[in-house]
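# Breakdown of the fold
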Amino acid sequence: MMNNLDFTHTIEEWTHFLIPLADGTQLAARAWLPVNAVKSPAPAILEYIPYRKRDGTAIRDEQMHPYWAGFGYACIRVDMRGCGESTGLMLDEYLPQELDDAVEVIQWLAEQPWCSGKVGMMGKSWGGFNSLQVAAMAPTALKAIVTVCSTDDRYADDIHYRGGALLLENFSWASTMACYMAKAPDPLLLPKTWRQQWLHRLENMPFLAKEWLEHSYKDDYWKHGSINEDYSSIKAAVYCIGGWGDSYSEAIPRMMGGLACPKKALIGPWAHKYPNYASPKPEVDFLGEAKRWWDCWLKGIDNGIMAEPTIAAYIQDGVPPQAAYDERPGVWVEGNQWPIQKNSINLQLSSSGHLIETSGGGQASVNSPLTTGGASGEYCIIWCGPDFPTDQRQDDANSLCFDTQAMAEAVSILGGAVFKARVTSDQNCAQMILRLCDVAPDGSSTRITYGVLNLAMRGGLDVPKPVIAGESMDITIKLDDTGYEIPQGHQLRLSISTAYFPLLWPAAQKANLSLDLSTATLTIPSHDRTGQLTRDLGEGYVCSVNETQRIRPETHTRLSQVNAADGRQTTFIDDDFGEFTFTDHKLTVGEVCHEEHSVLPQNPHSAASFCKWHSKQARPGWEIDVYTSLKVTCDADHFYLDASLEAIENGQQVHLKNWKEKVLRGFA
């Protein structure tokens, strides 16, 4: 489908209005809707997130919502309570209060004279999460959702844990959210109450890093909001969209297998981005594709979208490893099940270091330096700087590797590989990290996909069981689903390590893992590249936006450094989001983030993570600066958290809070 910009409706924008809730809270909203909506009511499309409609997502909102409004939809962008100009407090992610508020907003929308009574909900990341979670509450008016870069399981593969292992992103995200939550409402919109609301937020700021760290396995805290606990609760039609470069790629195949409602999926090569301005390319016409979905489910138009194959997925061509990709060449294929084809490659591990088709045997062991993982890249590639995995050769050198022979012909992977083996740890804990790599004739190694398991979670993420040193364990690790073609003449490598820093926090003790190779199998779903998608997915399109004046450009850098004296490896990440002014209302905003993550090769208690943020809001005669920081260290039994939040108004400190906490490691 090509972009169709012959809009059927003239639209108007409501820059700021308030939606009342039953408890007296008022949620700030921005809307785009047809000018004749009262005479000819329109279905509503809700996006409900914490990221500040006035400044945080203002440009992105303008790129997207006016498009659907131009085709006869009322598009409503709502800030959650405690965010932007909304009253109340936001105390954590996806709390029952957040979801109850959304249900109330949907009912309010359905009752408005300009609404047809039918509501859709959409969003990326947080908005994708809560679209699923609210759909599971089955509000009557909610007929369909579009969920982008989200997950059905808050513990398995959100930004806190992966495979039961603690992500350093858990702490980076905590510092990020503290900065976002501490920003002030805009005095131009709330001249009488902005300061009181702001100070109330600052005084009640939660310490999210501690909260998330205290739940080291999938307990009831994480099960809340994980819709895979009961897929049948969702009745609305669900369109899942994401990319292989995103940390949430795992969830779409699970949802395609679990959801019983009307469903559809689109999986491209993208990182954590909407696919109409995706990285890496090719972009697609996301706005047009979503319009087809809304037309079907909110307007009852029989446009054939549900007659198409359920899943469209992209098989990426093999490419040399790079820190960033402008484009990933490949082909689109489609089908009605996952994996799309039932083909598989079945391999076993030999003591000679090969992946073979016949039964192997013997023993092998691995005890990786804790600096293994330096080429892992960012866990969730959000900003799209130099964040992709780089050449894996050094990480491979620190891992136990098994290679196939050179491929006689190209082989396409489409799905999630599964590894099974019997292993033994010499410590009462262990992590196991698997990577599938494409090894070129020149020796360069490109990470295709990876999988992680904290061995304490070998029986399930919600039933942790301590590792007992010297006791053998049967383990299964599913690697992330992906689409990738290994070129002719290249080799497929399985790399096994016991560390993956700075993506994962090290286990409490540095363990040696022994593998019984006679039990080790690797099953890889494959695809013959037939059944290619024939319909046109269009080109990326965004609506024009209001003018801004750039003051400082956006830059992103990532650097790894090794101290020659002790081998400590440190990763430095600097994300400068620039500074600019919204021309129409003269608000200037800017954000800068700095991270440092370091570890010694042989000492798991040497791991340290530091993240700090600075945000600025200014208008002539008014300036707000917020500074947050979080430092995390550990020993064998505890994590130590040292954090601060400082708020400055017109050069004067108005709030300062410090946290110093000690948290038991639990199973982390």
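Just above sits the structure.
The following refers to the structure shown. Computed from a predicted structure; not experimentally measured.

### Points about the overall build of the chain
Each helix and strand counted, the chain has 10 helices and 32 strands in total. For 668 residues, the compact-globule estimate of 2.2 N^0.38 gives 26 Å, and the C-alpha radius of gyration of the chain, at 25 Å, lies within 12% of that figure. Based on the C-alpha atoms only, the size of the chain along its principal axes is roughly 75 × 60 × 45 Å. The buried share among the 668 residues of the chain stands at 62%. Counted over contacts in the chain with a minimum sequence separation of 6, partners at least 24 positions apart contribute 74%. On the chain, roughly 23,500 Å² of surface is accessible, and the fraction owed to carbon and sulfur atoms is 50%. In the chain, 56 positive and 82 negative side-chain charges are present, and the distance between their average locations comes to 2 Å.

### Things to note about the side chain of histidine 655
Within the secondary structure, histidine 655 sits in strand 32 (residues 652-664). One polar contact links the side chain of histidine 655 to the main-chain carbonyl oxygen of leucine 202, over a distance of 3.2 Å. Aside from chain neighbours lying at most four places away, what touches histidine 655 is Leu202, Glu203, Leu645, Glu646 and Ala647.

### Quick notes on the sheet that holds strand 20 (residues 445-454)
With antiparallel pairing, the 4 strands of this open sheet are ordered in space as 16-23-19-20. Two strands close off the open sheet at either side, each with one partner strand: strand 16 (400-403) and strand 20. Across the sheet, the mean angle from the axis of one strand to that of its neighbour is 20 degrees, orientation sign disregarded.

### Points about the pairing of strand 31 (residues 638-649)
Of the strand pairs in this sheet, strand 30 (residues 622-634) and strand 31 are connected by 11 bridges, and their pairing is antiparallel. Looking at the pairing, valine 626 lines up with alanine 647 of strand 31. Connecting the antiparallel pair strand 30 and strand 31 is a turn made up of 3 residues. Summarising the sheet, strand 31 and strand 32 pair through 12 bridges and their orientation is antiparallel. Within strand 32, the residue paired with alanine 647 across the bridge is histidine 655. The hairpin formed by strand 31 and strand 32 contains 2 residues between the paired strands, and asparagine 650 there has a positive phi angle of roughly 50 degrees.

### Looking at helix 5 (residues 194-203)
Inspection of helix 5 places Trp194, Gln197, Trp198, Arg201 and Leu202 among the buried residues, and these make up the whole buried set. Seen from one end, helix 5 has its buried residues packed into an arc of 135 degrees, which puts them on one side. Projecting away from the buried face of helix 5 at angles above 90 degrees are the exposed residues Gln196 and Glu203. Residues of helix 5 that are buried make contact with helix 4 (169-181), strand 30, strand 31 and strand 32.

### Describing the environment of alanine 313
One can find alanine 313 in strand 11 (residues 311-317). In this view, alanine 313 contacts Trp244, Ile267, Val331, Trp332, Val333, Trp338, Ile340 and Leu414; residues no more than four positions away in its chain are not counted.

### Some remarks on the packing of aromatic side chains
For the structure shown, the criterion picks out 39 aromatic pairs. Residues tryptophan 194 and tryptophan 198 carry aromatic rings whose centres are separated by 6.0 Å and whose planes lie at 25 degrees to one another, so their mutual orientation is stacked. One end of the pair, tryptophan 194, and the other, tryptophan 198, are both in helix 5, 4 residues apart, so they sit about a helical turn from each other. Like tryptophan 198, tryptophan 194 is buried. What links up through ring pairs into an aromatic cluster is the set Tyr51, Tyr94, Trp126, Phe129, Tyr180, Tyr248, Trp383, Phe577 and Trp613. The residue whose ring lies beneath arginine 154 is tyrosine 221, and the NZ or CZ to ring-centre distance is 5.4 Å. In this structure, lysine 291 packs its charged tip against the face of phenylalanine 71, placed 4.8 Å from the ring centre.

### Things to note about the nonpolar core
Within the largest apolar cluster, 203 residues are counted, with the highest numbers of intra-cluster contacts made by Trp68, Phe286, Trp294, Phe419, Met432, Leu455 and Ile496. Contacts of leucine 455, omitting those with residues within four sequence positions, involve Val423, Ala430, Met432, Lys465, Val467, Met473, Ile475 and Leu513. In this structure, Ala271, Val319, Tyr325 and Ile381 belong to the second largest nonpolar core, which totals 5 residues.

### Notes on the environment of valine 134
Relative to the assigned elements, valine 134 resides in helix 3 (residues 126-135). Accessibility expressed as a relative area gives 0% for valine 134, which makes it buried. Valine 134 sits 24 residues away from aspartate 158 along the chain, and the two C-alpha atoms are 18 Å apart. If sequence neighbours within four positions are ignored, valine 134 has contacts with Leu99, Ala102, Val103, Ile106, Met121, Pro139 and Leu142.

### Structural notes on helix 9 (residues 286-298)
Look at helix 9: 17 Å from first C-alpha to last across 13 residues, which is about the 18 Å you get at 1.5 Å a residue. Among the 13 residues that make up helix 9, 12 are buried, leaving the element largely enclosed by the rest of the structure. Buried within helix 9 we find Phe286, Leu287, Gly288, Glu289, Ala290, Lys291, Arg292, Trp293, Trp294, Asp295, Cys296 and Leu298. In the segment just after helix 9, glycine 300 is the residue with positive phi, at about 70 degrees.

### So, the pattern of salt bridges
Tallying each qualifying case throughout the model produces 43 salt bridges. Arginine 60 serves as the salt-bridge partner of glutamate 47, at 2.5 Å between the closest nitrogen and oxygen. Of the two residues, glutamate 47 is situated in strand 3 (residues 42-49) and arginine 60 in helix 1 (residues 58-69); the sequence distance between them amounts to 13 residues. For arginine 60, a relative accessible area of 14% gives the class buried. The closest approach of N and O atoms between lysine 616 and glutamate 579, which form a salt bridge, is 2.9 Å.

### What about the side chain of serine 497?
Take serine 497: it is sitting in strand 23 (residues 491-497). On the accessibility criterion, serine 497 (1% relative accessible area) is buried. Among the polar contacts made by the side chain of serine 497, one reaches the main-chain carbonyl oxygen of alanine 499 at a distance of 2.9 Å. If we ignore the near neighbours within four places in the chain, the residues touching serine 497 are Val366, Ser368, Thr372, Ser399, Gln431, Met432 and Ile433.

### A short note on the pairing of strand 23
Among the 7 residues that make up strand 23, 6 are buried, leaving the element largely enclosed by the rest of the structure. Relative to strand 23, strand 16 runs antiparallel, the two being bridged by 4 bridges. Paired with phenylalanine 402 across the bridge in strand 23 is leucine 494. Bridge analysis of strand 19 (residues 431-439) against strand 23 gives 7 bridges, and the strand direction is antiparallel.

### Quick notes on the packing of helix 1 against helix 9
The geometry of helix 1 relative to helix 9 is characterised by a closest axis approach of 10 Å and an angle of 40 degrees between their N-to-C directions. One finds that helix 1 runs oblique with respect to helix 9. For the crossing formed where helix 1 meets helix 9, the hand is right-handed. Every residue of helix 9 that contacts helix 1 at Gln63, Met64, Tyr67 and Trp68 is listed here: Phe286, Leu287, Gly288, Ala290, Lys291 and Trp294.

Conventions we followed
Residues numbered from 1 in each chain as written. Predicted model: local features only at pLDDT ≥ 70, side-chain atom pairs only at ≥ 80, totals over all residues. Heavy atoms only, no water. Helix = DSSP H or I, 4+ residues; strand = E, 2+ residues; numbered from the N terminus. Rg over C-alpha atoms; globule rule 2.2 N^0.38 Å. Buried < 20%, exposed > 50% of the residue type's maximum accessible area, 1.4 Å probe, protein only. Contact = heavy atoms within 4.5 Å. Areas by Shrake-Rupley, 256 points an atom, 1.4 Å probe, with all protein chains shown as cover. Lys, Arg positive; Asp, Glu negative; His and termini not counted. Charge placed at Lys NZ, Arg CZ, Asp CG, Glu CD. Polar contact = N/O pair within 3.5 Å; in protein donor to acceptor, adjacent residues only side chain to side chain. Pairing = 2+ DSSP bridges. Axes fitted to C-alpha atoms, helices over the stretch in contact; angles between N-to-C directions. Arc of directions from axis to C-beta. Phe/Tyr/Trp six-rings, centres within 6.5 Å; stacked < 30°, edge-to-face > 60°. Lys NZ or Arg CZ within 6 Å of the ring centre and 35° of its normal. Core = buried A, V, L, I, M, F, W, Y, C linked by side-chain atoms within 4.5 Å. Expected span 1.5 Å × (residues − 1). Salt bridge = Lys/Arg side-chain N within 4 Å of Asp/Glu carboxyl O. Parallel < 35°, antiparallel > 145°, perpendicular 65-115°, else oblique. Left-handed = near helix turned anticlockwise from the far one by under 90°.

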